[in-house]
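A closer look at the structure
Residues per chain, in single letters:
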Amino acid sequence: MSVDLILFLILALVAIATALGMLFSRHAVYSAIFLVLNFVTVAVFYILLGAPFIAMSQVTVYAGAIMVLFLFVIMLLGAQDLPPSQALPWQRPLAGILALILTAESVYILTVRARPDGLVTQPAASVNTMDSLRAMATMLFNQYLFPFEVTSILLLVAMVGAIVLTKREKGEQG
Amino acid sequence: MVPVDYYIILSAILFTIGALGVLVRRNPLIIFMSIELMLNAANLAFVAFASVIQSFSGQIFVFFVIAVAAAEVAVGLALIVEIFKTKHNINVDEMNSLKG
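Values in this document were obtained by computation on a predicted structure and should not be read as measured data.

Structural notes on the overall build of chain B
Check the secondary structure of chain B and you find 3 helices and 0 strands. In chain B, the order of α-helices and β-strands from amino to carboxyl end is α-α-α. For chain B, the spread of C-alpha atoms along the principal axes amounts to about 50 × 25 × 15 Å. Going through the 100 residues of chain B one by one, you find that 55% of them count as buried. Here the analysis covers contacts within chain B between residues at least 6 apart in sequence; of these, 47% occur between residues at least 24 apart.

With respect to the overall build of chain A
In terms of regular secondary structure, chain A is built from 6 helices and 0 strands. Taken from the N to the C terminus, the helices and strands of chain A come in the order α-α-α-α-α-α. Out of the 174 residues in chain A, the part that is buried amounts to 22%. Partitioning the intrachain contacts of chain A with sequence separation of at least 6 by distance along the chain shows that 54% fall at a separation of at least 24.

Some words on helix H2 (residues 28-48) of chain A
Between the first and last C-alpha of H2 of chain A there are 30 Å, a value that for 21 residues agrees with the 30 Å anticipated at 1.5 Å per step. Phi turns positive, to about 80 degrees, at Gly50 of chain A, one or two residues after H2 of chain A.

Quick look at the packing of helix H1 (residues 3-24) of chain A against H2 of chain A
Residues and elements named next belong to chain A. The N-to-C vectors of H1 and H2 enclose an angle of 155 degrees; their axes lie 8 Å apart at closest approach. By the angle class used here, H1 and H2 are roughly antiparallel. Note that H1 runs across H2; the crossing there is left-handed. Touching Asp4, Phe8, Leu11, Val14, Ala15, Thr18, Ala19, Gly21 and Met22 of H1 are Ser31, Phe34, Leu35, Leu37, Asn38, Thr41, Val42, Val44, Phe45 and Leu48, all from H2.

Notes on the interface of chain A and chain B
Facing the 73 residues of chain A at the interface are 63 residues of chain B. Listing elements by their share of the side of chain A that touches chain B, those giving two or more residues are H1, H2, helix H3 (52-76), helix H4 (91-113), helix H5 (129-142) and helix H6 (145-166) of chain A. The leading source of residues in the side of chain A that touches chain B is H3 of chain A, at 12 residues. Of the residues contributing to the side of chain A that touches chain B, the split by class is 54 nonpolar, 17 polar and 2 charged.

Some thoughts on the environment of Asn89 of chain B
Residues and elements named next belong to chain B. With respect to the element layout, Asn89 can be found in the segment after helix H3 (57-87). Given 14 C-beta atoms within a 10 Å radius, Asn89 is considered partly exposed. For the pair Asn89 and Met38, spaced 51 residues apart in sequence, the C-alpha separation works out to 26 Å.

Here we look at the nonpolar core
Where a protein is soluble and globular, its nonpolar side chains tend to be buried together. Among the nonpolar cores identified, the biggest contains 70 residues, and Tyr46 of chain A together with Leu14, Leu29, Met33, Leu44, Val47 and Ala48 of chain B are the most heavily contacted of them. For this core, the elements supplying multiple residues, two or more each, are H1, H2, H3, H4 and H6 of chain A together with helix H1 (4-24), helix H2 (28-52) and H3 of chain B. Broken down by element, the residue count for this core peaks at 14 residues, all from H2 of chain B. Discounting residues that sit within four places of it in the chain, Leu29 of chain B has contacts with Ala28, Phe70, Val73 and Ile74 of chain A together with Ile80 of chain B.

Observations regarding H2 of chain B
Here H2 of chain B is 25 residues long and its end C-alpha atoms lie 37 Å apart, about the 36 Å a rise of 1.5 Å per residue gives. With 21 of 25 residues buried, H2 of chain B is to be regarded as a mostly interior element.

Overview of the packing of H2 of chain A against H3 of chain A
Residues and elements named next belong to chain A. It is the contact of H2 with H3, at a shortest axis distance of 8 Å, that shows an interaxial angle of 175 degrees. Between H2 and H3, the interaxial angle falls into the category roughly antiparallel. Where H2 approaches H3, its residues Ala28, Val29, Ala32, Leu35, Val36, Phe39, Val40, Val42, Ala43, Tyr46 and Ile47 are matched on the opposing element by Pro52, Ile54, Ala55, Gln58, Val59, Tyr62, Ala63, Met67, Phe70, Leu71 and Ile74. Among the residues making up the contact of H2 with H3, the classes are represented as 21 nonpolar, 1 polar and no charged.

Criteria and cut-off values
Residues numbered from 1 in each chain as written. Chains lettered and ligands numbered in written order. Predicted model: local features only at pLDDT ≥ 70, side-chain atom pairs only at ≥ 80, totals over all residues. Helix = DSSP H or I, 4+ residues; strand = E, 2+ residues; numbered from the N terminus. Buried ≥ 20, exposed ≤ 12 C-beta atoms within 10 Å, placed from the backbone. Contact = placed C-beta atoms within 7 Å. Expected span 1.5 Å × (residues − 1). Axes fitted to C-alpha atoms, helices over the stretch in contact; angles between N-to-C directions. Parallel < 35°, antiparallel > 145°, perpendicular 65-115°, else oblique. Left-handed = near helix turned anticlockwise from the far one by under 90°. Nonpolar A, V, L, I, M, F, W, Y, C, P; charged D, E, K, R; others polar. Core = buried A, V, L, I, M, F, W, Y, C linked by C-beta atoms within 7 Å.

Put into structure tokens, the structure is as follows:
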């Protein structure tokens, strides 16, 4: 068993445990903190897979910006604990069974049917981080320049949308 | 070396936990976090497959997914705040009318 594999298994356990902790925490703040831990674990997976830039974006954008936004809203809304729903009592067990079926099916399809031909083990990650970063930047700003610019417009629209949605109308009492 | 299958299996498990969260929780904030978890699982599968075929396209797609997720969270949380302001409750079971 190589060091990589041991590292992977421990991190996979942490990732699944934090995801389940996010799911079953009664308090929304605990869920958010569990999710931050999960995002950081996934960032380490990205480094193991030879994608350092994605790992850093994951930490800054997901674990940083998005989760801070979540925590702001949780605190704004008072982080109330909702009582378990009585509306559909059979929903929880049914959801559990369906989730197990979904896991089994997606694992089967992704590992048996959708696998790239003949390549089952991951090749050595790029040793030189700067080289892989430079190659990725070249690709991003040449081949994918148009989607990149569209993304900037999307972010602008989202920003304007969020401001318009939360802005009070003139003269409105609230 | 870790076989890439392990990453794919982990990604499938994380995705399912996210889907389960959307199904069983009643707090829209937790539902949102579960959606983020699902996006993350998809990103992990993207990067894992990209590392197998030695291409940067997968990583660039993940970069775009992260940007779209940030936009989605900004608008979605603004909507939740607005719903809370009108209904003073964020239980998704209560959100059954289109008119505010």
